[in-house]
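# Structure assessment
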Amino acid sequence: MLACFDKEDYAEGNNLIWKSNMQAHSYLNSLWQRGKDFLGVEVPILAGAMTWVSERHLVSAISNAGGFGVIACGAMEPHHLDLEITETKKLTNRPFGVNLITLHPALPELIEVCIRHHVSHIILAGGLPNAESIKAVKNAGIKMICFAPALALAKRLIRMGVDALVIEGHEAGGHIGPVTTSVLAQEIIPVLKEVPIFVAGGIGRGEAILSYLEMGASGCQLGTRFVCASECRAHPNFKQAFIRASSREATISPQLDPRFPVIPVRALENEGTKEFIEFQRQIIDQVNAGEVDLKEGQLKIEKYWAGALRRAVIDGDIETGSVMAGQSVGLVNKEQPAKEIVEELMTQALTAIEMREKIKIG
């Protein structure tokens, strides 16, 4: 069960407190009801899809806690995704989604795997989806979510038929956009009402979630906050790096060439960051020399990150591996169950509402 306030928890005579808590729950539900309905969950918090991290155990734990777990397909081949979905379904009967990278060469086959499994939601990331992918998802009756780093792109995606948007700001971990979360939210949320909008990037507390809901968002997406969930199978070294890190240590990898939009990545700075700069130079030289075409070069970059991330997440190599983390990493200070994290976020949002009401009454 999600965190809630039971009337019996309060001593007789504290009816005002009980009434305040009920009002806080009612208000919070009214803010994110659209997100709850769209995702089919109790708490419309999407788990960010983190390659090698967002697998069956973490995904099912978040869904079982009332949130919306998301499998990160990343560079998986279709048969690997098929197995991951199968195993996730064994661990939860709650809704969960699958994040697919639009640059993946086997994208049509990956979509077909999701269709066979009757996946309820597909999140297409890493670039603008093509018409064929959109048609396949829509014809299957699957709800489609896409990322929009700018208002113009958000409007275009809505015209293309997406069912919901994630607007992810500069503070996020992994691949990021150029605009901060707060500015992006102000730019997009008041303007677009056609589809549910979920806000992501640098969110680690319930008060922040509440603020975006009050702007008109339908929910939020959190990734970094769930890395240290006890159900997460990431290497202990990887988790400890998050627990020790401050927000300012999550820095952006330098982009040497704007032709490679997949390059900018936010991670904890280490030797691997320096190695990537050299790798990037090599790929750019190969593209300029005509040895590799642009799309292949972009895919090589993507595979580099996938490999470097695996070394950190699975092998525990936090020196030369990629420790992708959002700036909210400074808010991660211990390992705790996913259910406890969701409840904590809920409690923080509800407490903020209650405190505001007390100030009004006072």
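The present account deals with the structure reproduced in this document. Note that the structure is a prediction, hence the values are computed from the model and not measured.

With that settled, consider the sheet that holds strand β6 (residues 164-168). What the 8 strands build is an open sheet, ordered β1-β9-β8-β6-β5-β4-β3-β2; its pairing is parallel. Strands with a single pairing partner mark the edges of an open sheet, and in this sheet they are β1 (45-47) and β2 (69-72). Neighbouring strand axes in the sheet, compared pairwise and without regard to direction, differ in orientation by 25° on average. Note that strand β3 (residues 96-101) and strand β4 (residues 121-125) share 5 bridges and pair parallel. Bridge pairing links I101 to A125 in β4. Docked against the sheet, helix α7 (residues 181-188) engages β6 and β8 (197-200), running at close to 145° with respect to β6.

A few words now on the packing of aromatic side chains. In this structure the tally under the stated criterion is 4 aromatic pairs. With a centroid separation of 5.0 Å and 40° between ring planes, the pair formed by F238 and F242 is classed as tilted. Of the two residues, F238 and F242 are both situated in helix α9 (residues 236-244); the distance of 4 residues between them amounts to about one turn of the helix. The burial state of F238 is the same as that of F242; both residues are buried. Clustering of aromatic rings is evident, with ring pairs tying together F276, F279 and Y304. In this structure, R310 packs its charged tip against the face of W52, placed 5.2 Å from the ring centre.

Thresholds, definitions, all that
- Residues numbered from 1 in each chain as written.
- Predicted model: local features only at pLDDT ≥ 70, side-chain atom pairs only at ≥ 80, totals over all residues.
- Heavy atoms only, no water.
- Pairing = 2+ DSSP bridges.
- Helix = DSSP H or I, 4+ residues; strand = E, 2+ residues; numbered from the N terminus.
- Axes fitted to C-alpha atoms, helices over the stretch in contact; angles between N-to-C directions.
- Contact = heavy atoms within 4.5 Å.
- Phe/Tyr/Trp six-rings, centres within 6.5 Å; stacked < 30°, edge-to-face > 60°.
- Buried < 20%, exposed > 50% of the residue type's maximum accessible area, 1.4 Å probe, protein only.
- Lys NZ or Arg CZ within 6 Å of the ring centre and 35° of its normal.

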